[in-house]
Amino acid sequence: MPDWLPERVRLYLGHTEEGKSLRALARDRGLHASTVLRQVRRYEGRRDDPLMDSALDRLSHAARRPEFPAGSEDPTGMTAHISPRSPSFQAVPRPVKAPAAPSLPDETRLREEGRRILRRLAEPGAVLAFASDMEKAVVLREFPDGRAAKTAVLDREIAQAFCLKDWISCRKTGRISTYEITQGGRAALKRMMDEDGRAAGGMAEAAQPFADQHRIWGEREVADEEGPRRTRYNLAESPVAVLGRRREKNGQFFLSADLVEAAERLREDFELAQMGPRVAQNWEKFLTGGDRGGFRANSGLAEGPGRARDRVAAALRDLGPGLGDIALRVCCFLEGVESAERRMGWAARSGKIVLRIALLRLRRHYDETYGRSGPLIG
């Protein structure tokens, strides 16, 4: 088995080919049996994917093919080699053995092809096309004017490895199946490119590839004493910033720029409120079911953090239960929207809508209280 093979694929093969029970696999890996069950079912459900199915068949064949001693019968119908001088030698015609299918690539080749192919798949309108009777797969890109062009060609085993690594996912099956790059594939490409850049600059020893793959750098304009200036910041640090880059079906952003700005203003006040010789404010009281009236604004801390706490408390009180919960968890605690939904017992995919309503109300609060040019730290 190749070293790069994901552990979840090994769990599936251990259960289906080696016959190990789910509990035995869980004990060997130190996992819960339900975790192993989910992984096995996940790959069972992906056997409709032609690339995944052929890749798992190849791994299954390699896992169950043993070494046979001389004179024994191979399940493929081949007779093991016996010396002609042996007394048990019989001139039995041997069938012609079909050429072995090429093995899956090693780590070095996978990374080389990953840099080349994933970069093409990350382009807008790019898909990977594959047919089961072809030894090659191609990357096609469709342009806005309707033109389509072939941008890359790769071997079947490379495409199978991409599928096993979850770098691509099947979009449509049929005589010709199409695949698109996944978030995992984009993260892997970003990690490879960052490693290459650091190695070229002589900074490979300070590499942080798995942290950098989650960073998306952008620029914004901020005001200081010398006038407006542009600063670089991580767009992916806040869940609100991530939602602010997503588009709806009509092409508009899910969160407009003024709503993202309101969320950042609340977060800046929240961060400033934590500064000082000690932090005595319990923000959990502002969640649903807490005591919203037991907050003391002046607790002996510096004036700046005290005023920031007042602004955060006023905004949460104006939002009220429910809206204040989602704003505090997502904007201030940087908790994911799905995680906030589970914690509060809300229906799936309802958190984004409630968050947008909360930010609309928060935007109005800031406009009515401070105006468009209200206090903004950053």
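What counts as what
Residues numbered from 1 in each chain as written. Predicted model: local features only at pLDDT ≥ 70, side-chain atom pairs only at ≥ 80, totals over all residues. Heavy atoms only, no water. Helix = DSSP H or I, 4+ residues; strand = E, 2+ residues; numbered from the N terminus. Buried < 20%, exposed > 50% of the residue type's maximum accessible area, 1.4 Å probe, protein only. Contact = heavy atoms within 4.5 Å. Areas by Shrake-Rupley, 256 points an atom, 1.4 Å probe, with all protein chains shown as cover. Pairing = 2+ DSSP bridges. Axes fitted to C-alpha atoms, helices over the stretch in contact; angles between N-to-C directions. Core = buried A, V, L, I, M, F, W, Y, C linked by side-chain atoms within 4.5 Å. Salt bridge = Lys/Arg side-chain N within 4 Å of Asp/Glu carboxyl O.

Trainee: Just to check I follow, could you spell out the overall build of the protein for this structure?
Mentor: In terms of helices and strands, the protein carries 14 helices and seven strands. The burial tally for the protein puts 39% of its 378 residues in the buried class. Taking the intrachain contacts of the protein between residues at least 6 apart in sequence as the baseline, contacts between residues at least 24 apart amount to 53%. On the protein, roughly 22,000 Å² of surface is accessible, and the fraction owed to carbon and sulfur atoms is 50%.

Trainee: Would you take a moment to explain the sheet that holds strand 2 (residues 136-142) for this structure?
Mentor: Strands in a sheet are paired, the pairing made by backbone hydrogen bonds, and the direction either parallel or antiparallel. Sheet architecture is open: five strands sit in the order 3-2-1-5-4, paired in antiparallel fashion. With partners counted over all chains shown, the strands left at the sheet margins are strand 3 (148-155) and strand 4 (168-172), one partner each. Each neighbouring strand pair of the sheet contributes to a mean axis angle of 35°, computed without reference to strand direction. Pairing of strand 1 (residues 126-130) with strand 2, which is carried by four bridges, proceeds in the antiparallel orientation. Counterpart to alanine 126 in the pairing with strand 2 is arginine 141.

Trainee: Would you mind going over unusual backbone geometry with me for this structure?
Mentor: The general pattern is negative phi for most residues beyond glycine and trans for most peptide bonds. With phi around 60°, aspartate 166 is a residue other than glycine that occupies positive phi space. One non-glycine residue with positive phi stands out, namely arginine 349, at about 65°. Here arginine 349 shows up in the loop between helix 13 (337-344) and helix 14 (351-369).

Trainee: Hey, could you run me through the nonpolar core in this one?
Mentor: For soluble globular proteins, the rule of thumb is that nonpolar side chains tend to be buried together. Counting residues in hydrophobic clusters, the biggest one holds 41 residues, and the most contacted among them are Leu128, Leu154, Phe162 and Leu164. The dominant element in this core, judged by the number of residues it contributes, is helix 6 (residues 156-164), at six residues. Not counting residues within four places of it along the chain, the set of residues in contact with leucine 164 comprises Trp4, Leu5, Pro6, Arg8, Val9, Tyr43, Met52, Ala55, Leu56, Leu59 and Leu104. Phe254, Val260, Ala327 and Ala340 belong to the second largest nonpolar core, which has 28 residues in total.

Trainee: Before we go on, may I ask you to explain the pattern of salt bridges in this structure?
Mentor: Oppositely charged side chains can pair when the atoms bearing their charge come close. One pass over the full model with this rule turns up 24 salt bridges. Between aspartate 57 and arginine 47 there is a salt bridge; the shortest N-O distance is 2.7 Å. In this pair, aspartate 57 is assigned in helix 4 (residues 50-64) and arginine 47 in the loop between helix 3 (33-44) and helix 4, connecting sequence segments ten residues apart. Among the residues examined, aspartate 57 registers a relative accessible area of 40% and is labelled partly exposed. Look at arginine 47 and you get partly exposed, because its relative accessible area is 23%. Between glutamate 157 and arginine 109 there is a salt bridge, and its shortest N-O distance comes to 3.6 Å. Of this pair, glutamate 157 sits in helix 6 while arginine 109 sits in helix 5 (residues 107-121), and the two are 48 residues apart along the sequence. The class of glutamate 157 is buried, set by a relative accessible area of 8%. Judged by its relative accessible area of 28%, arginine 109 is partly exposed. Shared partners join several salt bridges into a network, and the residues in it are Arg8, Arg42, Arg46 and Asp166.

Trainee: Sorry, what's going on with the side chain of glutamate 113 here?
Mentor: Counting through the fold element by element, glutamate 113 comes out in helix 5. Beyond its immediate sequence surroundings of up to four residues, glutamate 113 is in contact with Leu118, Leu154, Ile158 and Phe162.

Trainee: Can you help me understand the pairing of strand 4 in this one?
Mentor: Looking along a regular strand, one sees the side chains alternate between the two faces of the sheet. As judged from the four bridges shared by strand 4 and strand 5 (residues 177-181), these two strands associate in the antiparallel manner. Each bridged residue has a counterpart across the sheet, and for serine 169 the counterpart in strand 5 is glutamate 180. Linking strand 4 back to strand 5 in an antiparallel pair, the connection comprises four residues, with glycine 174 at a positive phi of about 160°.

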